[in-house]
Every structure is written in structure tokens, then in C-alpha cells.
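Below, each chain spelled out in residue letters.
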Amino acid sequence: MLDAKIPSGPLAEKWDKHRFELKLVNPANKRKYTIIVVGTGLAGGSAAASLAELGYYVNNFCIQDSPRRAHSIAAQGGINAAKNYQNDGDSIRRLFYDTIKGGDFRSREANVYRLAQVSNNIIDHCVAQGIPFAREYGGLLANRSFGGAQVSRTFYARGQTGQQLLLGAYSSLMRQVAAGRVSMFPRRELLDIVVVNGQARGIVVRNLVTGEIESHGADAVVLCTGGYANVFYLSTNAMASNVSATYRAYKKGAFFANPCYTQIHPTCIPVHGTYQSKLTLMSESLRNDGRVWVPKTPGDQRPPDQIPESERDYYLEEKYPSFGNLVPRDVASRNAKAQCDMGKGVGETGFAVYLDFADAIQRDSQEVIRQKYGNLFQMYEKITASNPYETPMMIYPASHYVMGGLWVDYNLMSTLDGLFVLGEANFSDHGANRLGASALMQGLADGYFVIPYTIGGYLAGTDRPEITTDHPAFKEATRYVTERTQKLLSINGNRTVDDFHRELGHILWEYCGMSRNDEGLLKARTLIQELREEFWKNAVVPGLSEDFNQSLERAGRVADFLEFAELMVMDAFERKESCGGHFNEAYQTEEQEAMRDDENFCHVAAWEYKGDDNDPELHKEPLVFENVELTQRSYK
Ligand SMILES: Cc1cc2nc3c(=O)[nH]c(=O)nc-3n(C[C@H](O)[C@H](O)[C@H](O)COP(=O)(O)OP(=O)(O)OC[C@H]3O[C@@H](n4cnc5c(N)ncnc54)[C@H](O)[C@@H]3O)c2cc1C
């Protein structure tokens, strides 16, 4: 059933061949098509701008008051590309290989190769837009290293790369708004997908200012609604990041792939209190110069400057001499947890390790370090009141990114005809673990360079009946959305939505976080079901629907998280192996590394919704590796 539509032919020629074979829409006809793009982050902003530039009419939606506030703006460290400006051995093939290996051999070869190919176009495109990437003294673009690679291929704009890239996409988008080819719909939340004759033909949204439920029709729908890491409650994601858009699409026929593949990022400011609602990332780029360590003796409470060199455990450098502090995120996170579990953690809670810049400052000077990471150091000091130029940072893993998402084929189309999914919202090219600086690359690859071709092939090759929003399918979706809204408002219980969300986060962190086991996963499933049942009896959702009502918005998102979390846990339970971000304790090597089972689990797990009262059905897309050899991932 799952046809990934991977083109035939040699790996390096697949994309070219496919682009040639795809049907084209002639320029005059493009004007006749309307495309809905939901999301204005790097994936949505770039897609909406590019499609409008081609001549399509685009309706673009987002939750925030401005497209510029999409969560992509938070991205700090950089974006990968295989330019090989450093002359250090990089190539498209190496970026491809690093990504496949980093993802623990659980991604599609053809997609990853295309990603590596277009990575270079992205940099050229963004430079032409005026993105102020960091430069070397001689004027060439500068690079730094990120985890899971032994070359420097990460392009950056200090610690604000996402913001600068988003401003580029936003400029292109606004040009199209001014030209009349993009209509912006800010402050709208997608609450349902409208399906007519098996094709995605529109969406139903709630106007978050007036509360009005609106219907919008189109020839195709493109979801770019980001990731669901907030299911863990505490995460580095923006507060509005949600699973609702993709989960509603799942309920309308789009399969959800690998929901249990989530990424826990090793370098975040540690949790400091019960009522904290947000965690802050300290970019992976800091591991270029910062050295990770803990005291050698468990329970050592001395301040870091009183612990002599001989009593420090630089455990990543020791254990992984080839990659050292730049091992991939899953490996760094698990090792930090292991050190803390042994009682070697630091700080008040014992759930932190040091990230120390003393050697780098002595070697390169404080000024050089400030130039590279100034805004990150400032942010750290503002939050913790500790000066990282003088005292090592304290860091701990936190939920950060999701590799799971809606299943898409090579054209980025989901199992629901006419529904395309881009950026973090799709199940992505990253397999079981994403390498740093590769999410921005994927979002922009999807939006600037893939969808402009593949959507044309779909529109030119498919028949669609003429419809308006008077069609019964729109009425039905509106009725469903209105009833659900009223149901939330009428619960009238005693417990806040945040409190439910916090408890859900604890369950997932405990049983489906950095490591999992079957017993814990089964327990988590029961706990989630019980919590969900209580939510619908005892949550308190104040206010009205015909109004600006953020309690209602949050309640809707948490209700979806409560359903989706069960799918995550089921997916984790089904996968009887460890791979990347999915670490089942029963499957590990003698050195406590993830142990895959390529014979039985070399597949994408794609879940099909079968109704609220039934378990979803699992479908498998086998992953075929013709160009790389499957090996035990080693960073030693
Ligand atoms: C703190 C932080 C730092 C990061 N740094 C890096 C980095 O240095 N390099 C890197 O490669 N990656 C980084 N990442 C990951 C990267 O930023 C994200 O994966 C990427 O930006 C996601 O882009 P996107 O366009 O898919 O989604 P987003 O940017 O999340 O955009 C989602 C859009 O969808 C809209 N939306 C969502 N739900 C709905 C709905 N229901 N209805 C209507 N609209 C909706 C939102 O309004 C928004 O416009 C970082 C992530 C975090 C959290």
C-alpha cells in the first residue's frame, strides 16, 4: 500500500530524472490553481513564496500575529550544506552518508541524497536574498562543525540563523503578498482538513481573534505546521507548537509515521522548578569549543573551579575519541543521563553536566568566543544569573525536535491525495535521529526546491471536481469543529489544562523519553488513557468560543496531545530494537549503544487511523539500502 514513488535509476540522477518526468503546468494555467499553505516557518514561508512566484494563487495561514513569529525564528546554530568551502573533505556524498548514518539507517536513501544535493542551492539562494551569514576574513562564508560530522559544513549567522533565514523567506513572501498572489491569514488555527472524493480540498480554521469558524477551499493543501515536541510539556519549542494540524490530518486519512522518533537535545538549560513552562536550548554549536565534563567522584559537591583537572571526567572525549564532544545528539544525551544516574551530575538537582569554555577562552581569547557565541552566552547569563565566560555552563538534555510526522512519498505527498507535508511536520529525511543544523536545511529544501516541482506534477496529472465551500464536506467539518469546541467549553471541571499537560509530559519523559522499556511503555499507555478520560471530565476551560480565548486554544491542543501520546507509546512498543532517538533498554550493545535489528525493523512504521474506538493499523514501508552498507553506528 505504501508506495514511496522513489524514481528508478542511479541515486545521484534520481531527482534530475524525476523533475524531467514530472508533468508541468503551463504558466498561464498556474493562475487558475489555488493552493493552501498552512504554516509560515521556514518550510511554509519558503513554499508559499516559491509557489506564488511560479504563478499559483496561495492562501497562507499561521497561528501567530505575523508570519515572522513562526517557531523557526528560534533556530540558533546553523544550516548544513555540502559546499566544501573548508576543503576538508566534504561532498554531497559525505553529507548524504553522515545523514543516513546519523539517522541510524532508518531513512530513505533517495530523499536524503536529494536533500544533500539541494543543500548547496539553498545557500546560494539565501545569499542572494541577503542573509547575513558569518564570513571569513577574506569574505568567503564561514563554517563551523556540528554533531555527527567530522567536517565543517554548518553555515550560520551568529546564534540567530533561524531568524535571519526566516526574514529572507518572509521578504520573498511579502513580495508576493504585495503582488496579490499570496493572501495572508494570520491568527488562524487549522482544526480540520476537508476531504472531497478522497482528495484534500480545503481546511476549516478558527479565527483566534474573533472565534469565527472559517472554511477555505483549494486545489491542494500543503501542511508546514512544525513539530510536536511540546507533547512532553517541557521542551525547547515555542509554546504554540502543536500536533493538532497533523493529528487532524491523520484522522482524515494521512498516515502518521514513526511517531516515537523524538529528539532529546543534550545541551539545554536544566529544569529548575516544578512550575516552569519552557526550556531553553543552548545551541549545539557550543560543543565546537565547550568541553563536557562531570566530577569523577559521585556526589562531589565542590564548585567547578575547585575540582582539579585530574578529578574531572571528560566522558565524551574519553569514550568517543574520534568525535569527542561532537557526537550526535542521541549519543550525547544518553551519556549525560548515564553520568547523572551514576550520581555524578552537578548543580542543585544533580541533573546537569558542565559545558566548559575555559580552555577555548585561554586558547582563542574571550573576544573570539564572544564573536562566535555572544548572544548565546548573554541568553544563558540572563536566565541563570551565572557568567559562562567565568563559570562553566550547566546543561541537561531536553525534548527538542521530532523526526516522526505525517508519512510522505518522494513527492512529499501524504497518503491523503492532494495533502502535501513539508518541514518538521512530515516524517522527514532524518530517520531515527536528526543531525544538528539539518532541520533548517530540510525545511528550506522542501519549500524552495522540492514542492515547486512536485505539486505541479500532481495538479497537472489529477482530475478534481469544481467545488465551493458550500460543499457538504465543508459543512460536516465545520459541524465537527464547532461541536468539539463546545464540548471543551462545557467540561466545567476543576483542574487546569496546563496541569493535565504537565502530567502527560512527566509520563512521556519517564516512560517514552531518553530510554524506554516494554513494561514502562505498557504502563504509560494505561496512564495516558486514564489521564485523557479525566481530562474530558475534569478540565476547566473558561471563556467563550466567540472571543479571543487562549485557554480554549490550549485545551484543544492538549486534547490532541492526549490522544497522540498514546500513538507514540504504541509505536515505541512495536519497535523491538533500539535506533537513534528510540532507545529500548532491552536492545543495547555491551557498550550500552543502540542495537538495531535490521532484519525485522528496517522499515518506516506508518499508522493508519481506524476510528476512536479501535487501535490504529500499522503499515510498514521497507527501507532499501543500495548505496550504503548498514553498519553498527560508531563514533569512537
Ligand atoms: C530552540 C531551537 C533551536 C533550533 N536550532 C536549529 C538550528 O540551529 N539548525 C537547525 O537545522 N534546526 C534547528 N532547530 C529546529 C528547527 O528550528 C525546526 O525544525 C524548524 O524551524 C521547523 O520549521 P517548520 O517550518 O517545519 O515549522 P515551524 O517553524 O514550527 O512553523 C510552523 C508554522 O505552522 C503554523 N502552525 C502550526 N500549527 C498550526 C495550526 N494548527 N494551524 C495553523 N497554523 C499552524 C505556525 O503558526 C507556524 O507558522 C531548532 C529548534 C529549536 C526549538
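Residues numbered from 1 in each chain as written. Predicted model: local features only at pLDDT ≥ 70, side-chain atom pairs only at ≥ 80, totals over all residues. Heavy atoms only, no water.

Trainee: Would you mind showing me how to read the site of the ligand here?
Mentor: Inspection of the region around the ligand gives 37 residues, with Gln64, Ser72, Gly77, Leu190 and Glu424 positioned closest. In this structure, an oxygen atom belonging to the ligand sits 2.9 Å away from a main-chain N or O atom of Thr40. For the ligand, the protein covers 97% of the area, taking 1000 Å² as the surface of the free molecule. Put simply, the parts of the chain that give the shell around the ligand at least two residues each are helix H3 (42-54), strand E6 (188-196), strand E15 (393-402) and helix H12 (439-461). Considering each element in turn, the shell around the ligand owes the most residues, three residues, to E6. Tallied by class, residues from the shell around the ligand come to 16 nonpolar, 17 polar and four charged. (Near = heavy atom within 4 Å. Polar contact = N/O pair within 3.5 Å; in protein donor to acceptor, adjacent residues only side chain to side chain. Areas by Shrake-Rupley, 256 points an atom, 1.4 Å probe, with all protein chains shown as cover. Helix = DSSP H or I, 4+ residues; strand = E, 2+ residues; numbered from the N terminus. Nonpolar A, V, L, I, M, F, W, Y, C, P; charged D, E, K, R; others polar.)

Trainee: I keep staring at unusual backbone geometry and nothing clicks. Help me out?
Mentor: Across residues other than glycine, the phi torsion is negative in most instances, and most of the peptide bonds are trans. Here Asn87, not a glycine, exhibits a phi torsion of approximately 60°, which is positive. Note on placement: Asn87 falls in the loop between strand E3 (79-80) and helix H4 (92-102). The phi dihedral of Gln592 falls on the positive side, at around 60°, and the residue is not glycine. Following the sequence through the fold, Gln592 ends up in the loop between helix H16 (550-574) and helix H17 (598-601).

Trainee: Quick question: what am I supposed to make of the nonpolar core here?
Mentor: Burial of nonpolar side chains together is a common tendency in soluble globular proteins. Ile79, Leu223, Val231, Leu419, Ile455, Leu508 and Phe535 are the most contacted members of the largest nonpolar core, which has 140 residues in total. A total of 13 residues in this core trace back to one element, the largest contributor, which is H16. In this structure, Phe535 is in contact with Leu488, Ile491, Val497, Phe500, Ala555, Val558, Ala559 and Leu562, ignoring residues within four places of it in sequence. Ranked by size, the runner-up nonpolar core spans 31 residues in total, among them Val327, Ile369, Tyr373 and Phe377. (Core = buried A, V, L, I, M, F, W, Y, C linked by side-chain atoms within 4.5 Å. Buried < 20%, exposed > 50% of the residue type's maximum accessible area, 1.4 Å probe, protein only. Contact = heavy atoms within 4.5 Å.)

Trainee: Can you walk me through the sheet that holds strand E9 (residues 220-223) in this structure?
Mentor: Within a sheet, neighbouring strands are paired by backbone hydrogen bonds and run either parallel or antiparallel to one another. The parallel open sheet is built from five strands, whose spatial order is E5-E2-E1-E9-E17. Sheet topology places strand E5 (182-185) and strand E17 (419-421) at the edges, where each strand pairs with a single neighbour. Strand-to-strand, the axes of this sheet are offset by a mean angle of 20°, without reference to chain direction. Across five bridges, the pairing between strand E1 (residues 34-38) and strand E2 (residues 57-61) is parallel. Bridging across to E2, Val37 finds its partner in Asn60. Across the face of the sheet, helix H6 (residues 161-179) comes into contact with E2 and E5 while running at roughly 110° to E5. (Pairing = 2+ DSSP bridges. Axes fitted to C-alpha atoms, helices over the stretch in contact; angles between N-to-C directions.)

Trainee: How do you make sense of H3 when you look at a structure like this?
Mentor: Since the α-helix advances by 3.6 residues per turn, residues separated by three or four positions end up pointing in the same direction. Over its 13 residues, H3 extends 18 Å from the first C-alpha to the last, a length consistent with the 18 Å expected when each residue adds 1.5 Å. With eleven of 13 residues buried, H3 lies mostly within the body of the structure. Tucked into the core, H3 has its buried residues touching E1, E2, H6, E5 and H12. Positioned one or two residues after H3, Gly55 has a phi angle of 120°, which is positive. (Expected span 1.5 Å × (residues − 1).)

Trainee: Help me understand the packing of helix H14 (residues 497-512) against helix H15 (residues 518-538) in this model?
Mentor: For any two helices packed against each other, one specifies the crossing angle of their axes together with the interaxial distance. Packing of H14 against H15 brings their axes to within 10 Å, and their N-to-C directions diverge by 175°. Our classification of the angle between H14 and H15 gives roughly antiparallel. Seen from H14, the contacting residues are Val497, Phe500, Glu503, Leu504, Ile507, Leu508, Tyr511 and Cys512; seen from H15, they are Gly520, Leu521, Lys523, Ala524, Leu527, Ile528, Leu531, Glu534, Phe535 and Asn538. Its residues placed into classes, the contact of H14 with H15 shows 13 nonpolar, two polar and three charged. (Parallel < 35°, antiparallel > 145°, perpendicular 65-115°, else oblique.)

Trainee: What am I meant to see in the packing of aromatic side chains here?
Mentor: How two aromatic rings sit relative to each other is given by the distance of their centres and the angle of their planes. Summed over all chains, the structure comprises 28 aromatic pairs. For the pair Phe377 and Tyr389, a centre-to-centre distance of 4.6 Å together with 45° between the ring planes defines the contact as tilted. One end of the pair, Phe377, is in helix H11 (residues 366-384); the other, Tyr389, is in the loop between H11 and E15, with twelve residues separating them in the sequence. Here the two residues Phe377 and Tyr389 agree in accessibility, since each one is buried. Grouping aromatic residues by their ring pairs yields a cluster made of Tyr228, Tyr247, Tyr250, Phe256, Phe564 and Tyr609. Arg114 extends its terminal NZ or CZ atom over the ring of Trp15, reaching a point 4.7 Å from the ring centre. Its guanidinium or amino end placed over the ring of Tyr410, Arg114 lies 4.1 Å from that ring's centre, counting from NZ or CZ. (Phe/Tyr/Trp six-rings, centres within 6.5 Å; stacked < 30°, edge-to-face > 60°. Lys NZ or Arg CZ within 6 Å of the ring centre and 35° of its normal.)

Trainee: Just to check I follow, could you spell out the pairing of strand E12 (residues 291-295) for this structure?
Mentor: Two faces, one strand: in a regular strand the side chains alternate between the faces of the sheet. Within E12, five of the five residues are buried, leaving the element largely enclosed by the surrounding structure. What you see with E12 is no split at all: Arg291, Trp293 and Pro295 on one side and Val292 and Val294 on the other are buried throughout. The sheet contact formed by E12 and strand E14 (residues 353-356) spans three bridges and is antiparallel. When the sheet's bridge partners are listed, Trp293 is paired in E14 with Tyr354. Note that E12 and strand E13 (residues 312-313) share two bridges and pair antiparallel. The residue of E13 that forms the bridge with Pro295 is Arg312.

Trainee: What am I meant to see in the pairing of strand E8 (residues 213-217) here?
Mentor: Burial of E8 is one-sided: the residues Glu214 and His216 facing one way are buried, the residues Ile213, Ser215 and Gly217 facing the other way are not. Pairing of strand E7 (residues 199-207) with E8, which is carried by five bridges, proceeds in the antiparallel orientation. From the neighbouring strand, Val204 faces E8, where its bridge partner is Ser215.

Trainee: I tried to follow helix H1 (residues 14-21) on my own but got confused; where do I start?
Mentor: All of the buried residues in H1 are Lys14, Trp15 and His18. Looking straight down H1, one finds its buried side chains confined to an arc of 90°; they lie on one side. Buried residues in H1 make contact with helix H5 (109-129) and H12. (Arc of directions from axis to C-beta.)

Trainee: What's the story with the packing of H3 against H6 in this structure? I'm lost.
Mentor: At their nearest, the axes of H3 and H6 sit 8 Å apart, and the two run at 35° to each other. For the element pair H3 and H6, the recorded crossing hand is left-handed. Of H6, the residues touching H3 (which contributes Leu42, Gly45, Ser46, Ala48, Ala49, Ala52 and Glu53) are Leu165, Leu166, Ala169, Ser172, Leu173, Arg175 and Gln176. The residue inventory of the contact of H3 with H6, partitioned by class, reads eight nonpolar, four polar and two charged. (Left-handed = near helix turned anticlockwise from the far one by under 90°.)

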